[in-house]
Amino acid sequence: MPAQTQDHWTSAKYQSAASFVPKLTTTVLSYLDIQPTDRILDIGCGDGQLTSQIAQATPQGQVLGLDASHSFITTANQNNSSTNCSYHLQDCTVLSASSDAVGEGSWDKVFSNAALHWILRPSATRENVFHEIHRALKPGGSFVFEMGGKGNVAEIQAAFTAALVHAGLSIQEAREACPWFFPSVDWMRETLEGVGFEVVKCESEYRPTKLNPEREDGSGGIEGWLRLMGARFLEAVDEGKKEGGLKEVGDVLESVITREEDGSRWIGYVRLRAVARKK
Ligand code: BEZ
């Protein structure tokens, strides 16, 4: 998960807002092609649900999950660790392959699911993240990931940007408040090649996804999603305008995301997946 000034994450909130994320992983896991002795580094591991599943498939290997959220790492250590699966608190925007936790040239695979769009948001540290991942891999090792691609949750990004302008920010400030980076396939391919990877696969898929049911405490449905995933947008707004801004976003999205046949709510996820090999 992302490096953030404030830690908005808890495993419980994530479960209510987006429990589907670690479940919709069949394709990227098939690309990871886990072998029983693989040493795998998981970048942005969240609460470790998926990391521990990966560790079970590599019983003679080792898996290390990194995440910037103290809350997530605490939950991961409590609920999802094992003899071959551990976690380390790490802001991956400043990842270093030469740190004690990571280690240069020591991983068969580097994996990431639904985290790089947060980690790659600051443009100043973007290139370094790719370089350090490349350095962390053994020669011939693979970087396998899935993240939001160009156009991901575009309806939500547009609604938040407009709401921030209505709350008094300039359009530039509103754009800068966006906590996500959703690159195109072409951008990703060029960037991976630029740091020395051979790109085996790089693809994008439009995957509309049904939201979790609403809950009385506001933690599920579109409200729960916006409150948790959009927390950084709202940080840019004066305290007294946050709830109004959130209501505006929800109202704008209402007819866009609701299906007529059954009232279910869907958001327009676009997945960017890649497999890149260190030569
Ligand atoms: C995603 O997985 O695509 C995503 C998750 C949270 C916010 C934005 C995008």
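If you're wondering where the values come from, they're calculated on a predicted model, not measured in any experiment.

The biggest cluster of nonpolar side chains holds 37 residues, and the ones touching the most others in it are I156, W180, W225, L226 and I267. Mapped onto this core, the elements with two or more residues apiece are helix 1 (11-18), helix 7 (154-166), helix 10 (221-229), helix 11 (231-235), helix 12 (242-257) and strand 7 (266-278). Ignoring anything within four residues of it in the chain, the contact list for W225 reads A17, F20, V153, I156, W180, L211, G220, G230, I267 and Y269. Counting residues in each nonpolar core, the second largest holds 32 residues, with I43, L95, V195 and C202 among its members.

Below, the discussion takes up the site of the ligand. Taken together, A114, H117, W118, N152, W180, F182, W225, M229, Y269 and R271 make up the full set of residues adjacent to the ligand. Residue N152 places a side-chain N or O atom 2.7 Å away from an oxygen atom belonging to the ligand. R271 is positioned with one of its side-chain polar atoms (N or O) 2.7 Å from an oxygen atom of the ligand. Within the complex, the protein chains bury 98% of what would otherwise be the 260 Å² of accessible surface of the ligand. Looking at the shell around the ligand, the elements with two or more residues in it are helix 5 (116-119), helix 10 and strand 7. In terms of residue class, the shell around the ligand is made up of seven nonpolar, two polar and one charged.

Calculation rules
- Residues numbered from 1 in each chain as written.
- Predicted model: local features only at pLDDT ≥ 70, side-chain atom pairs only at ≥ 80, totals over all residues.
- Heavy atoms only, no water.
- Core = buried A, V, L, I, M, F, W, Y, C linked by side-chain atoms within 4.5 Å.
- Buried < 20%, exposed > 50% of the residue type's maximum accessible area, 1.4 Å probe, protein only.
- Helix = DSSP H or I, 4+ residues; strand = E, 2+ residues; numbered from the N terminus.
- Contact = heavy atoms within 4.5 Å.
- Near = heavy atom within 4 Å.
- Polar contact = N/O pair within 3.5 Å; in protein donor to acceptor, adjacent residues only side chain to side chain.
- Areas by Shrake-Rupley, 256 points an atom, 1.4 Å probe, with all protein chains shown as cover.
- Nonpolar A, V, L, I, M, F, W, Y, C, P; charged D, E, K, R; others polar.

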